[in-house]
Amino acid sequence: MKTLLVAALAAALPLTASAACVAPGDLARGIAFTREIKGQGSAQPNGQYVQVNYGKGDAVVARYGIFPVQGHFSDAPADVIGAWFEQTSTYQFGGTPPKPQAGRVWTSTLNVKATGSDQSGAFKESYRYTVRYVFEEPRQATLSGCTYTVMGVTARFQGEGRDWTDRYAYFPDLGYGLLTQYTNNLTGTAARYGITRMVTK
């Protein structure tokens, strides 16, 4: 696996009106997308995995875009002085994650090692979760005037006093998925990151 690229490099590239619909094999050229909250991002190969740059300092290298291998996350509120956060994480599942298949349920464990720093200083932490991935029946969806086959994927993580669910839109014909929703199952709060545009670069 190549080193995680700086998220801002590709994510900052503007989407152009002349960009084409995304077709099988186009991931090698790079994909640009827009989500309703986080704005522009990009996806491209990283070795045998997919690197998704979600913008604003967040980037993930993942199998099929949905099973994380490495991640980098940062946050520095624009209206707050002296508050910031930066973290790099590695992920190890207790087994080889499967290729997404409609109707399948996959359970495993996930070990996470995180290093980083914030306004309080440097930190190094380890976590262990149980995970449950559910792959839904595919459906047809239209983005930027293009029709795609989309499979909904939910991934629930539990352990270390935490319980949350990530939801992905996985494109089986294209070979990658993008995060579209996060739900904190302990508090019921959720954030939606619906995809509003997706094109080749």
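Residues numbered from 1 in each chain as written. Predicted model: local features only at pLDDT ≥ 70, side-chain atom pairs only at ≥ 80, totals over all residues. Heavy atoms only, no water.

(A) Quick look at the overall build of the protein chain. Helix and strand counts for the protein chain stand at 1 helix and 14 strands. Taken over 201 residues, the protein chain has a buried fraction of 44%. At a minimum sequence separation of 6, the contacts of the protein chain that also span at least 24 residues come to 45%. In the structure as shown, the protein chain presents an accessible area of about 10,300 Å², 51% of it carried by carbon and sulfur atoms. (Helix = DSSP H or I, 4+ residues; strand = E, 2+ residues; numbered from the N terminus. Buried < 20%, exposed > 50% of the residue type's maximum accessible area, 1.4 Å probe, protein only. Contact = heavy atoms within 4.5 Å. Areas by Shrake-Rupley, 256 points an atom, 1.4 Å probe, with all protein chains shown as cover.)

(B) Expanded view of the nonpolar core. Ranked by size, the top nonpolar core spans 44 residues in total, and within it Y133, Y148, F171, Y176 and M198 carry the most contacts. It is strand 10 (residues 146-159) that provides the largest number of residues to this core, a total of 7 residues. Setting aside residues no more than four positions away along its own chain, Y148 makes contact with C21, V22, R139, Q140, A141, L143, F171, L174 and M198. (Core = buried A, V, L, I, M, F, W, Y, C linked by side-chain atoms within 4.5 Å.)

(C) Looking closely at unusual backbone geometry. A positive phi angle is found at Y64, which is not glycine, with a value near 60°. Relative to the helices and strands, Y64 is located in the loop between strand 4 (58-63) and strand 5 (67-75). With relative accessibility at 22%, the residue Y64 sits in the partly exposed group.

(D) Expanded view of the pattern of salt bridges. Tallied over the full model, the rule gives 4 salt bridges. A salt bridge links R192 to E36, with the nearest nitrogen and oxygen atoms 3.9 Å apart. With R192 in strand 13 (residues 190-192) and E36 in the loop between strand 1 (31-35) and strand 2 (39-46), the pair connects residues that are 156 residues apart, well separated along the chain. Judged by relative accessible area, E36 falls into the partly exposed class, the value being 45%. Of the charged contacts in the structure, one is a salt bridge between D163 and R156, with a shortest N-O distance of 2.7 Å. (Salt bridge = Lys/Arg side-chain N within 4 Å of Asp/Glu carboxyl O.)

(E) Representation of the environment of Y170 in the model. Here Y170 lies in strand 11 (residues 162-171). Residue class for Y170 comes out buried when judged on its relative accessible area of 1%. Here Y170 is in contact with Y64, P100, T149, V150, M151, V153, G175, Y176 and G177, once residues within four sequence places are set aside.

None of the figures reported here should be taken as evidence of function without further support.
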